[in-house]
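# Chains, contacts and geometry: an overview
These are the residues of each chain, in order.
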Amino acid sequence: MESQDTNICTDSYPKTIEQWWDWFDSEWENISNIIHQNIESTDLIKNIQIFKDSRNSKIKQFLEKCWDNIPENKYNEDTPGWCIFSILMSDIDLLERQMNTFELFKQRYQHFINIGKIKQVRQWQTN
């Protein structure tokens, strides 16, 4: 996917989790440069890379730490990747919805496991 950051600091924004990740992936080189310029922790950078590669929503907490370390007015729309990074950070709650969906799935899955265990216990009690 080619870079989208061609002065699109407009009303455009990702509307789905998939779009958020697509934008992040397409601008990764530029976003990575911004991160490296502002973060000295190699562990933080490694975690961002790991969670990016697996599209894991836990990346949110690491990106927020990075974002908090970027001084105000350091970048502008002409900085490659800055516009997209700003938009993605303003819509980072999409990732929380991804986490909540996964947690809901785990809860439902656990519910069915528990039902299966109850049936096994009832069968054992009747035998």
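Quick summary incoming for the structure in this document. (Residues numbered from 1 in each chain as written. Predicted model: local features only at pLDDT ≥ 70, side-chain atom pairs only at ≥ 80, totals over all residues. Heavy atoms only, no water.)

So, about the overall build of the chain. Summing up its helical and strand segments, the chain has six helices and zero strands in all. For the chain, the α and β elements follow one another from N to C terminus as α-α-α-α-α-α. Expressed as a percentage of the 127 residues in the chain, the buried residues total 33%. Relative to all contacts within the chain whose residues are 6 or more apart in sequence, the contacts with residues 24 or more apart total 70%. Within the structure as shown, the chain displays about 8,800 Å² of accessible surface, and the carbon and sulfur contribution to it stands at 49%. (Helix = DSSP H or I, 4+ residues; strand = E, 2+ residues; numbered from the N terminus. Buried < 20%, exposed > 50% of the residue type's maximum accessible area, 1.4 Å probe, protein only. Contact = heavy atoms within 4.5 Å. Areas by Shrake-Rupley, 256 points an atom, 1.4 Å probe, with all protein chains shown as cover.)

Here the focus is the pattern of salt bridges. Pairing between side chains becomes possible if they bear opposite charge and their charged atoms approach one another. Applying the stated criterion across every chain, the model contains five salt bridges. A salt bridge links R55 to D25, with the shortest nitrogen-to-oxygen separation between them at 2.7 Å. A residue pair is termed long-range when its members are at least 10 positions apart, and R55 in the loop between α3 (42-53) and α4 (59-68) and D25 in helix α1 (residues 17-26) qualify at 30 residues. E64 is the salt-bridge partner of K60, the closest N and O atoms lying 3.1 Å from each other. Here E64 and K60 lie together in helix α4, a separation of four residues that amounts to about one turn. K60 gets classed as buried once you look at its relative accessible area, which sits at 10%. (Salt bridge = Lys/Arg side-chain N within 4 Å of Asp/Glu carboxyl O.)

Glancing now at the environment of F51. Topologically, F51 is positioned in helix α3. The spatial distance from the C-alpha of F51 to the C-alpha of F62 is 9.2 Å, given a sequence separation of 11 residues. Aside from chain neighbours lying at most four places away, what touches F51 is W21, N56, K58, I59 and F62.

This next bit is on the side chain of K52. For K52, the position within the fold is in helix α3. Side-chain polar atoms of K52 contact the side chain of D53, separated by 3.5 Å. Once you skip the residues sitting within four places of it in the chain, K52 turns out to touch W21, F24, D25, W28 and I59. (Polar contact = N/O pair within 3.5 Å; in protein donor to acceptor, adjacent residues only side chain to side chain.)

Turning to α4, a few remarks are in order. Of all the residues in α4, the buried ones are I59, K60, F62, L63 and C66. Summarising the axial view, the buried residues of α4 lie within an arc of 165°, below the 170-degree limit, and thus occupy one face. (Arc of directions from axis to C-beta.)

On to the packing of α4 against helix α5 (residues 82-90). Closest axis-to-axis distance for the α4/α5 pair is 11 Å, and the angle between their directions is 125°. By the angle class used here, α4 and α5 are oblique. Considering how the two elements wind past one another, α4 and α5 form a crossing that is left-handed. Residues L63, E64 and W67 of α4 form the contact with α5, whose own contacting residues are W82, F85, S86 and M89. Considered class by class, the residues forming the contact of α4 with α5 number five nonpolar, one polar and one charged. (Axes fitted to C-alpha atoms, helices over the stretch in contact; angles between N-to-C directions. Parallel < 35°, antiparallel > 145°, perpendicular 65-115°, else oblique. Left-handed = near helix turned anticlockwise from the far one by under 90°. Nonpolar A, V, L, I, M, F, W, Y, C, P; charged D, E, K, R; others polar.)

Glancing now at the packing of helix α2 (residues 28-38) against α3. Look at α2 against α3: their axes get within 11 Å of each other, and the N-to-C directions meet at 160°. In terms of orientation, α2 lies roughly antiparallel with respect to α3. Here α2 and α3 pass one another in a crossing that is right-handed. Listed contacts from α3 to W28, I35 and H36 of α2 are I45, I48, Q49 and K52. Partitioning the contact of α2 with α3 into residue classes produces four nonpolar, two polar and one charged.

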